[in-house]
Amino acid sequence: MNAYQTTQWQEYQFRESAHVPGDDDLAVELFARLTGNPAKRDGATGWQAAAHVQADNLPEWKRARDMVRGLPDWAARMAAVVAEKLAAAREGDALDKLKARQAMRRGIEQVEREKEEADSLFPLLGGGGTMSGDDDRSTPQTVKCARMFKDDYRLKRILEIAGRLYRAHKEKRAARDTGGHEVVGVTTGADLPKLLPSQWAMPDEVLFKNLLERSALQYQTRDTTPKAKGPIVVMVDESGSMDGQNIIWAKGVALALLAAAMEEKRGFTLVAYGATAYVELACKPGERPSQARLLEAMRSFMDSGRTNWDAGFTVSRGACVESRADIVHITDGASDVRDAKEFSDWRAANGVTCYGVSIGCHVTPTLASVSDETCMIDPSSDGEFIETVLGGI
């Protein structure tokens with residue numbers, strides 16, 4: 001054991017959780033204090049001893065301990081970052097008291113921000129469940145996935161776009177799916193909960209007579225309970241012209257719709273097409289993708305020289321294994337379609353809705369001919385997309 005009496009098991013836990021090699025005794029000691037006995041013990045010397053003294057006196061350290069309780073991977077991340085900040089603040093074997101406290105605060109605040117981002121975007125990272133022990137938001141894979149999205153500019157922008165669109169979708173869904181029944185008029189019948197107030201003011205014998213004859217005045221209603229919907233299929237143009245901001249926005253849309261499908265227990269398929277087409281990511285209802293598959297799909301880009309809508313539609317149709325599916329087709333150009341009418345007839349027969357999304361340019365007549373709804377989206381304007389697609393999916 002080292003000077004802070006960390007056990008071999010605690011050291012092994014830290015190495016496994018932090019996924020960092022090396023011999024940073026301070027990080028292991030901080031990890032032990034975050035996950036075990038927080039009391040300072042005698043034995044350390046030099047700047048590391050000074051660091052532990054500041055941990056004892058820093059209110060933020062208790063906050064950090066509370067934050068990572070029961071979450072060993074976040075405890076390891078906290079210990080590694082704080083140790084790194086402290087090491088950068090030392091001067092030789094000395095550590096100034098003020099600099100130590102500032103370094104610890106910076107490290108703690110950094111990890112707090114990382115965890116807050118990971119928690120708020122957990123559904124988008126392929127997670128599910130609640131903050132109870134049966135979910136996986138504290139696993140090394142989730143922590144690593146969250147950090148990769150944060151550190152990679154392209155992935156970070158995809159996540160920012162997805163997060164905003166996902167929140168907009170949830171607001172639209174909540175406003176639309178109130179459930180229950182909506183009053184649409186007045187009719188006659190004998191449904192007591194629906195009787196007009198005036199009927200209850202009648203003499204009992206008159207009311208009973210009207211009920212027996214089913215002639216009492218009552219509200220006419222229609223069922224507004226949302227019907228179960230089929231899978232969401234996102235069909236993304238990955239020809240060369242989509243490189244840059246266009247593909248970032250397209251993948252952001254796909255990630256937001258994946259999160260929506262997961263929450264609503266709908267199937268989800270991401271289809272990439274250029275000259276050919278293939279499935280980049282597929283999940284059955286109630287299933288969630290692994291972070292490795294999710295990262296691969298978000299990073300993938302065909303960079304094809306051609307735009308072949310027929311290839312994309314063929315694969316997308318194969319993914320619509322249930323009725324009432326939604327296809328979201330994202331493209332920045334146009335392509336010949338062999339038989340737009342046949343595609344339209346197939347959609348009508350299977351209850352499929354196709355949303356044509358033109359990214360960075362106006363909707364073309366060809367896109368309109370193979371879509372039930374169309375809209376335009378670009379980095380400066382997504383209101384039309386939110387209303388048209390997120391309001392209908």
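Residues numbered from 1 in each chain as written. Predicted model: local features only at pLDDT ≥ 70, side-chain atom pairs only at ≥ 80, totals over all residues. Heavy atoms only, no water.

An account of the pattern of salt bridges is needed here, citing residue identities and associated values.
Applying the stated rule across the entire model yields 18 salt bridges. Residue R105 pairs with E60 through a salt bridge whose shortest N-O separation is 3.0 Å. One end of the pair, R105, is in helix 6 (residues 97-120); the other, E60, is in helix 4 (residues 59-67), and 45 residues separate them in sequence. Judged by its relative accessible area of 26%, R105 is partly exposed. Its relative accessible area of 15% is what places E60 among the buried residues. Between R317 and E342 there is a salt bridge, with the nearest N and O atoms lying 2.9 Å from each other. Residue R317 is found in helix 13 (residues 309-319), and its partner E342 is found in helix 14 (residues 340-350); the two are separated by 25 residues along the sequence. Classification of R317 by relative accessible area gives partly exposed; the value is 25%. Each of K229, E264, R266 and D326 takes part in salt bridges that share partners, so that together they form one network. (Salt bridge = Lys/Arg side-chain N within 4 Å of Asp/Glu carboxyl O. Helix = DSSP H or I, 4+ residues; strand = E, 2+ residues; numbered from the N terminus. Buried < 20%, exposed > 50% of the residue type's maximum accessible area, 1.4 Å probe, protein only.)

Explain unusual backbone geometry residue by residue, including any values.
One non-glycine residue, K265, adopts positive backbone phi at about 55°. Inspection of the secondary structure assignment puts K265 in the loop between helix 11 (245-263) and strand 4 (268-273). With a phi close to 55°, D303 is a non-glycine residue in the positive phi region. Relative to the elements of secondary structure, D303 occurs in the loop between helix 12 (291-299) and helix 13.

Tell me what's going on with the packing of helix 2 (residues 25-35) against helix 5 (residues 72-89), and back it up with residues and numbers.
Interaxial distance between helix 2 and helix 5 falls to 8 Å at its minimum, and their mutual angle equals 135°. It follows that helix 2 is oblique to helix 5 by the angle criterion. Considering the relative orientation of helix 2 and helix 5, their crossing is right-handed. For the pair formed by helix 2 and helix 5, the contact residues are L26, A27, L30, F31, L34 and T35 on the first element and P72, A75, A76, M78, A79, A80, V82, A83 and L86 on the second. In terms of residue class, the contact of helix 2 with helix 5 is made up of 14 nonpolar, 1 polar and no charged. (Axes fitted to C-alpha atoms, helices over the stretch in contact; angles between N-to-C directions. Parallel < 35°, antiparallel > 145°, perpendicular 65-115°, else oblique. Left-handed = near helix turned anticlockwise from the far one by under 90°. Contact = heavy atoms within 4.5 Å. Nonpolar A, V, L, I, M, F, W, Y, C, P; charged D, E, K, R; others polar.)

I'd love a proper account of the environment of G305, names of residues and values included.
Topologically, G305 is positioned in the loop between helix 12 and helix 13. For G305, a relative accessible area of 83% gives the class exposed. G305 sits 66 residues away from S239 along the chain, and the two C-alpha atoms are 5.7 Å apart.

Quick rundown of the side chain of S300? Include the residues and the values.
Looking at the element boundaries, S300 is found in the loop between helix 12 and helix 13. At 3.1 Å, the side chain of S300 and the side chain of Y278 are in polar contact. Polar side-chain contacts of S300 include one of 2.9 Å to the side chain of E280. Beyond its immediate chain neighbours, meaning those up to four positions away, S300 contacts E238, K251, Y278 and E280. (Polar contact = N/O pair within 3.5 Å; in protein donor to acceptor, adjacent residues only side chain to side chain.)

Pulling in residues and values, what's your account of the nonpolar core?
Residues V234, L257, F268, L270, I330 and F385 are the most contacted members of the largest nonpolar core, which totals 45 residues. Here this core gets 13 residues from one element, more than from any other, and that element is helix 11. Not counting the four nearest positions on each side in its chain, I330 is found in contact with V234, M235, V236, D237, A250, V253, Y273, V357 and I359. Residues L26, L71, V81 and A83 belong to the second largest nonpolar core, which totals 30 residues. (Core = buried A, V, L, I, M, F, W, Y, C linked by side-chain atoms within 4.5 Å.)

If you had to explain the environment of E91 to someone new, which residues and values would you point to?
With respect to the helices and strands, the residue E91 is situated in the loop between helix 5 and helix 6. By relative accessible area, which is 52% here, E91 ends up exposed. Considered as a pair, E91 and W47 are 44 residues apart in the sequence and their alpha carbons are 8.5 Å apart.

Any chance you could break down the packing of helix 2 against helix 4 for me, citing the residues and the numbers?
In the contact formed by helix 2 and helix 4, the axes pass within 9 Å of each other and the chain directions differ by 70°. As the angle between them shows, helix 2 and helix 4 are arranged roughly perpendicular. Where helix 2 approaches helix 4, its residues L30, R33, L34 and T35 are matched on the opposing element by W61, A64 and R65. Residue classes in the contact of helix 2 with helix 4 are distributed as 4 nonpolar, 1 polar and 2 charged.

Tell me about the packing of aromatic side chains, and please be specific about residues and values.
Throughout the structure, instances matching the rule amount to 2 aromatic pairs. Taken together, a centroid distance of 4.4 Å and an interplanar angle of 40° make the contact between F313 and F343 tilted. With F313 in helix 13 and F343 in helix 14, the pair connects residues that are 30 residues apart, well separated along the chain. Across the pair, exposure class does not vary: F313 and F343 are buried alike. Considering the side-chain rings of F343 and W346, the 5.8 Å spacing of their centres and the 15° angle between planes classify their relative orientation as stacked. Pair noted here: F343 and W346 are both in helix 14, with a separation of 3 residues, about one helical turn. The residues F343 and W346 share a single accessibility class, namely buried. Among the aromatic residues, ring-to-ring pairing joins F313, F343 and W346 into one connected group. (Phe/Tyr/Trp six-rings, centres within 6.5 Å; stacked < 30°, edge-to-face > 60°.)

Any functional reading would require information that these geometric values do not contain.
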